[in-house]
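Next come the chains, spelled out residue by residue.
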Amino acid sequence: MKKIIHFSVVVFLILSLTGCDKEQSLQEYFIEKQASDNFISLDIPSSILSLKPNASEESKKAMASIKKVNVVLYKFKKENQAEFLTEKDQIKKILKGKKFSELMRMKKKNMNIQLTYIGGEDFIDEFVVFVSNDDTGLLVARVLGNHMKPEDLATLVKDIERIDTGNPVFSELKELVK
């Protein structure tokens with residue numbers, strides 16, 4: 001009986017020590033920020049995402065592989081600059097974690113854009129777009145899908161102007177960002 005108790009305690013300790021991941025996951029970050037008044041949170045199903053007819057075949061394949069997009073948006077105000085910088089650093093720390101691989105970085109009109117993903121070389125499980133601008137705020141989008149290919153998603157991001165933004169959801173998002 002003592003051996004069983006001793007064995008159970010050892011197994012419990014091993015599981016407790018190895019199961020503790022001190023790094024906050026991106027999903028935990030999203031859940032936490034959904035409850036915050038300083039963030040705007042959106043869940044966009046793939047059914048409302050579409051491309052304009054002149055989009056490339058790679059972009060169409062990438063769009064077809066997307067199931068949904070989760071977005072959190074933090075709008076910058078001068079009085080919350082310290083909080084903005086803290087949030088920006090927290091996201092950067094999460095994206096530098098072991099789970100994420102960087103696909104690319106770019107800078108466009110005072111925006112820093114970072115694309116990262118979770119998955120292998122052939123297929124991506126989760127694709128993340130992190131956009132920050134020290135004058136307007138930050139946006140993090142988690143793109144979840146089936147058999148997403150890194151090269152197709154990179155093409156889609158470069159081809160972003162071909163996303164059909166005539167949908168009312170995009171109009172509301174544009175108003176929030178102003």
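Look up a bit, the structure's there.
Residues numbered from 1 in each chain as written. Predicted model: local features only at pLDDT ≥ 70, side-chain atom pairs only at ≥ 80, totals over all residues. Heavy atoms only, no water.

Undergrad: Can you break down the overall build of the protein residue by residue, with the values?
TA: When its secondary structure is counted, the protein shows six helices and six strands. In the protein, the succession of helices and strands from N to C terminus is α-α-β-α-β-α-β-β-β-β-α-α. Among the 178 residues that make up the protein, the fraction classed as buried is 37%. Within the protein, counting contacts between residues at least 6 apart in sequence, those at least 24 apart form 61% of the total. When the accessible surface of the protein is split by element, carbon and sulfur atoms take 56% of a total near 11,500 Å². (Helix = DSSP H or I, 4+ residues; strand = E, 2+ residues; numbered from the N terminus. Buried < 20%, exposed > 50% of the residue type's maximum accessible area, 1.4 Å probe, protein only. Contact = heavy atoms within 4.5 Å. Areas by Shrake-Rupley, 256 points an atom, 1.4 Å probe, with all protein chains shown as cover.)

Undergrad: Requested: an account of the pairing of strand S2 (residues 66-75), with residues and values cited.
TA: Most of S2 is tucked away, with seven of its 10 residues classed as buried. Bridging between strand S1 (residues 39-45) and S2 involves seven bridges; their strand directions are antiparallel. In the sheet register, Ser41 faces S2, and the bridge partner there is Val72. Taken together, the nine bridges between S2 and strand S6 (residues 137-148) define a ladder with antiparallel strand orientation. Looking at S6, one finds that Lys68 is bridged to Leu144. (Pairing = 2+ DSSP bridges.)

Undergrad: How would you explain the sheet that holds strand S5 (residues 124-133) if you had to name every residue and give the values?
TA: Spatially, six strands are ordered S1-S2-S6-S5-S4-S3 in an open sheet, and the strand pairing comes out antiparallel. Since the sheet does not close on itself, it has two edges, and those belong to S1 and strand S3 (101-108), each with one partner. For this sheet, the mean angle separating the axes of adjacent strands, direction not counted, is 15 degrees. Packing of helix H5 (residues 150-158) onto the sheet brings it into contact with S2, S3, strand S4 (111-119), S5 and S6, and relative to S3 it is tilted by some 10 degrees. (Axes fitted to C-alpha atoms, helices over the stretch in contact; angles between N-to-C directions.)

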